[in-house]
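Coordinate inspection notes
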Amino acid sequence: MKYISTRGGVEPLSFQQVVLMGLADDGGLLIPESIPDARDRLQSWRKLDYLQLAQEVFSLFATDIPTDVMRSLIERSYRGTFHPEVAPTVRVGDLFILELFHGPTLSFKDVALQFLGNLYEHILGQTGGHLNILGATSGDTGSAAIYGVRGRAGINIFVMHPHKRVSEIQERQMTSVLDANVHNIAVRGSFDDCQRIMKSLASDLDFKRRHSIGSVNSINFARILAQIVYYFYSAFHVQRITGTTQTRVCVPTGNFGDILAGWYAGRMGLNLSQMILATNENDILARFFNTGVYSRGTVAQTYSPAMDIQVSSNFERYLYHRVGSDPKRLRLLMEGFASTGSLKLDLREGEVVDSQMVSKSATNAETLETIAKYYRDYGYVLDPHTAVGVHVAEDFGLEGDPLVCVSTAHPAKFPEAIREATGESVARHPDIDALAGLPTRCEILDNDSGAVRAFIEKTLSA
Ligand SMILES: *Cc1c(COP(=O)(O)O)cnc(C)c1O
């Protein structure tokens, strides 16, 4: 399998090259040259456990990693660090919840970042090189990435988060990791500012090469790949217990990484009759899927901070396919968006953006009401991101094919919202309790890529 850039300016790459490159050198995103068709394998895949299924899915995309090496990477990523099933699906009321929060930092990001950490170590072990990872986080990627690479030889990690705009627990999960290779940066700005700084440093090819800069953000295709597995796994589970052949899925969305993995699973042949994209009040993606216009607004702070995003970094991968896999058209649209803050698909009369994808947003009040309702009716505590998804899913209606709502975080990461919604402190987890009082380390910097660059250079020369 070879990989290309959405903007057409990169020679075909191998999977391992893609993992190291992160953002494509031409400013685009790296994608597989073609999406593998797995339809004739689905019957045999149904019988597999999570680790075996991961092996099957990964082997279609990472064709330059030998089977036994891949098996060991998967074992090290998932065995012991997660729930025995990795990603269990439970029934709650009239829907199914795919619980992706059973990893070390209690968000779905662990599923991809535990794997990426092992992958980096394997690749560097072969080349003898080193890597400086640069990441931006709205809260959950940072800790998951830090836990994925802490203490690993040959790797430094620099993670930017928006100063005072992540929850106290999220901040503590990151800044209490004191390994010498972990560097937290609080930027005086928003998450979009952090992403902009990251993109500007990652597109400075001289800086990128000089310091071997890699990415843990979902612009890294390995993250999308790791997430494809649980869409198959959960749909097989639900189809087995309901006797149906089609499933719907609802995904709370920010950077479009998680739902993109589901979309890939569908293109590979998984029978998803509908994908529901749920946003919070930052609804740029909902507006796009309903009107064909993708236009940037201002970022609102909500109870689901990991989705407080206006510009979704993975959207470009989807848009590439939507405009007929045409890098020239894609480049024109993205350049127009960069200069005007808006882009528009030319839809014919009655045409929709995507017949499989529907989308709505949930307000803050609806998010809290949904948490309260599920606690009251089922004794199940939804985290605020998951609650956004569940609200939107209910809005579209629970009749029809069985519906899986993707649960992206453990509620204990967001105790204030849970307390506000339920009036009780019902969101606890021993790993979170253990963070209290730990020493922390973090550098606070201005909202300026020059300041971040200088800090990285100073740290690396020390
Ligand atoms: C990152 C995150 C999301 C959004 O996922 P994307 O892949 O960015 O769309 C949703 N919920 C939680 C808890 C997250 O950490």
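Notes on the structure in this doc start here. Each residue is numbered by its place in its chain's sequence as written, counting from 1. Whole-chain, interface and lining totals are the exception, using all residues; otherwise, since this is a predicted model, local features are given only for residues with pLDDT of at least 70 and side-chain atom pairs are given and counted only at 80 or more. Each side-chain value is worked out from all heavy atoms of the structure, with water and hydrogens disregarded.

Side-chain rings of Phe, Tyr and Trp (the six-membered ring for Trp) are treated as a pair once their centres are within 6.5 Å; stacked means planes under 30 degrees apart, edge-to-face means over 60, and tilted covers the remaining angles. Scanning all chains against the criterion turns up 25 aromatic pairs. Where Tyr294 meets Phe315, the ring centres are 4.0 Å apart and the plane angle is 15°; that geometry is what we call stacked. Taken together, the positions of Tyr294 in strand S11 (residues 293-295) and Phe315 in helix H13 (residues 315-322) put the pair 21 residues apart, joining distant regions of the chain. Note on accessibility: Tyr294 and Phe315 belong to one class, buried. Whether a charge sits over a ring comes down to the Lys NZ or Arg CZ being within 6 Å of the ring centre and within 35 degrees of the ring normal. The ring of Tyr147 has Arg150 lying over it, and the distance from NZ or CZ to the ring centre is 5.2 Å. One cation-aromatic arrangement involves Lys360 over Phe396; the distance from NZ or CZ to the ring centre is 4.6 Å. Every helix listed is a DSSP run of H or I at least four residues long, and every strand listed is a run of E at least two residues long, numbered separately from the N terminus. Partly exposed describes any residue whose relative accessible area lies between the buried limit of under 20% and the exposed limit of over 50%, with all areas from a 1.4 Å probe on protein chains only and scaled to the type maximum.

Our next topic: the site of the ligand. Close contacts around the ligand come from 15 residues, with Lys109, Asp140, Gly254, Asn255 and Thr408 the closest. In the model, an oxygen atom of the ligand is placed 3.1 Å from a nitrogen or oxygen of the Gly257 main chain. Thr408 has a polar side-chain atom sitting 2.8 Å from a nitrogen atom of the ligand. Ten residues, namely Ala, Val, Leu, Ile, Met, Phe, Trp, Tyr, Cys and Pro, are considered nonpolar, four, namely Asp, Glu, Lys and Arg, are considered charged, and the remaining ones, Gly among them, are considered polar. For the shell around the ligand, a count of residues per class yields six nonpolar, six polar and three charged. When at least one non-hydrogen atom of a residue lies within 4 Å of a molecule or strand, that residue is treated as near it. Residues adjacent in sequence count toward polar contacts only when both atoms are side-chain atoms; beyond that, a polar contact is any pair of N or O atoms within 3.5 Å, and within protein one must be able to donate a hydrogen and the other to accept it.

A separate point is the side chain of His429. Within the fold, His429 resides in the loop between helix H17 (415-422) and helix H18 (430-433). A polar contact is formed between the side chain of His429 and the backbone nitrogen of Asp431, at a distance of 3.1 Å.

Glancing now at the packing of helix H5 (residues 109-127) against helix H10 (residues 221-242). The angle between two axes is taken between their N-to-C directions and runs from 0 to 180 degrees, where each axis is a line fitted to C-alpha atoms and a helix contributes only its stretch in contact. As a packed pair, H5 and H10 sit with axes 8 Å apart at the nearest point and diverge in direction by 130°. Put simply, H5 runs oblique to H10. Crossing geometry of H5 relative to H10 is assigned as right-handed. Residue-level contacts link Lys109, Val111, Ala112, Leu113, Phe115, Leu116 and Leu119 of H5 to Ala222, Arg223, Ala226, Gln227 and Tyr230 of H10. Residue composition of the contact of H5 with H10, grouped by class: nine nonpolar, one polar and two charged. Between 65 and 115 degrees an angle is taken as roughly perpendicular, under 35 as roughly parallel, over 145 as roughly antiparallel, and anywhere else as oblique. Should the near helix be turned counterclockwise from the far one by less than a right angle, the crossing is left-handed, whereas a clockwise turn marks it as right-handed. Contacts are residue-level and defined by heavy atoms, with any inter-residue pair within 4.5 Å sufficient.

Right, let's get into the sheet that holds strand S13 (residues 357-361). For two strands to pair, DSSP has to find at least two bridges joining them. Taken in spatial order, the six strands line up as S3-S4-S14-S9-S10-S13 in an open sheet, and their pairing is mixed. Either end of the sheet is taken by a strand with one partner, and the two such strands are strand S3 (89-92) and S13. Direction aside, the axes of adjacent strands within the sheet are offset by 25° on average. Across the sheet, helix H11 (residues 257-268) touches strand S9 (247-252), strand S10 (272-279), S13 and strand S14 (403-407), and the angle it forms with S10 is around 170°.

This part is about helix H3 (residues 50-61). Multiply 1.5 Å by the residue count of a helix minus one, and that product is the helix's expected span. Taking 1.5 Å per residue, twelve residues should reach 16 Å; H3 reaches 17 Å between its end C-alpha atoms and fits that length. For H3, the buried fraction is high: nine of the twelve residues fall into the buried class. Three or more residues of H3 are buried, namely Tyr50, Leu51, Leu53, Ala54, Gln55, Val57, Phe58, Leu60 and Phe61. Where H3 starts, the residue carrying a side-chain oxygen 3.1 Å from the main-chain nitrogen of Leu51 turns out to be Asp49.

So, to be careful, I would describe these as geometric facts and stop short of saying anything about function.
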